[in-house]
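Read off the chains here:
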Amino acid sequence: MVARVVLTKIKGGGSLLELLGLPAEGRLDIEAIAYRDEAIYLGLKSPLTEKGEAVIARMPNAVLAMQAGKLRPGALERFTAVPLCVPDTKGNKVCQGLS
């Protein structure tokens, strides 16, 4: 292991969810993780955006961010938000996160 980071401790306060533009009171459920080109990508199952989209977060300089031990503002960003919605049997929109 080169380094690690505690996702619940943000330098300067705030929360991981707030860094991603999501409600701070939401339940964080990281369902997927990938590493590519020195970046770590985190796929969230929850919370969803206000539009019902699943969020994929990116830590662009993963090794540097992890060596700091705590996330600094700007170390994690919203990479994209993906609509994963289908109609239920009554035609209502049902949205899910990544899984």
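Please read all numbers here as calculations on a predicted model, not as lab measurements.

## Some thoughts on the sheet that holds strand S4 (residues 53-59)
Spatial strand order, S2-S3-S4-S6: four strands in an open sheet with antiparallel pairing. At either end of the open sheet lies a strand with only one pairing partner, and these are strand S2 (29-36) and strand S6 (77-83). Neighbour-to-neighbour, the strand axes of this sheet turn through a mean angle of 25 degrees, independent of strand direction. Of the pairings in the sheet, the one linking strand S3 (residues 39-46) to S4 comprises four bridges and is antiparallel in character. What sits directly across from Leu 42, in S4, is Ala 57.

## Regarding the pattern of salt bridges
Per the stated rule, a full pass over the model turns up three salt bridges. Linking Asp 29 and Arg 27 is a salt bridge whose minimum nitrogen-to-oxygen distance equals 3.9 Å. Accessibility expressed as a relative area gives 17% for Asp 29, which makes it buried.

## Description of the packing of aromatic side chains
Given two aromatic rings, one states the distance between the centres and the angle between the planes to describe the pair. According to the stated counting rule, one finds one aromatic pair in the structure shown. Seen in terms of ring centroids, Tyr 41 and Phe 79 are 5.1 Å apart; in terms of plane orientation they differ by 75 degrees. Their pairing is edge-to-face. Here Phe 79 lies in strand S6 and Tyr 41 lies in strand S3, a separation of 38 residues in the sequence.

## Describing the side chain of Glu 53
Assignment of secondary structure puts Glu 53 in strand S4. Look at Glu 53: it is buried, it has no salt bridge, and the nearest opposite charge is Arg 78 at 5.2 Å.

## As for unusual backbone geometry
Residue Pro 47 is bonded to the preceding Ser 46 through a cis peptide linkage, with omega at 0 degrees. If you trace the backbone, Pro 47 turns up in the loop between S3 and S4. Phi at Glu 38 is positive, roughly 65 degrees, even though this residue is not glycine. Tracing the sequence through the fold places Glu 38 in the loop between S2 and S3. Overall, the relative accessible area of 56% leaves Glu 38 in the exposed class.

Basis of the calculations
In every chain, residue numbers begin from 1 and rise along the written sequence. Only residues with pLDDT of at least 70 are given local features in this predicted model, and only at 80 or more are side-chain atom pairs given and counted; all residues enter the totals for whole chains, interfaces and linings. Each side-chain value is derived from all of the structure's non-hydrogen atoms; neither hydrogens nor water enter the calculation. Two strands are said to pair when DSSP picks up at least two bridges between them. Going along the chain from the N terminus, every DSSP run of H or I of four or more residues is numbered as a helix, and every run of E of two or more is numbered as a strand. Angles run from 0 to 180 degrees between N-to-C directions of axes, and those axes are lines fitted to C-alpha atoms, restricted for helices to the stretch in contact. Throughout this description, the term salt bridge denotes a Lys or Arg side-chain nitrogen within 4 Å of a carboxyl oxygen of Asp or Glu. Any residue under 20% of the maximum accessible area for its type is buried, any over 50% is exposed, and the rest in between are partly exposed; the area is computed with a 1.4 Å probe on protein chains only. When the centres of two rings from Phe, Tyr and Trp lie within 6.5 Å, Trp using its six-membered ring, the rings pair. Their planes under 30 degrees apart give stacked, over 60 give edge-to-face, and anything left gives tilted. Positive residues here are Lys and Arg, negative ones are Asp and Glu, while His and the chain termini are left out of the count.

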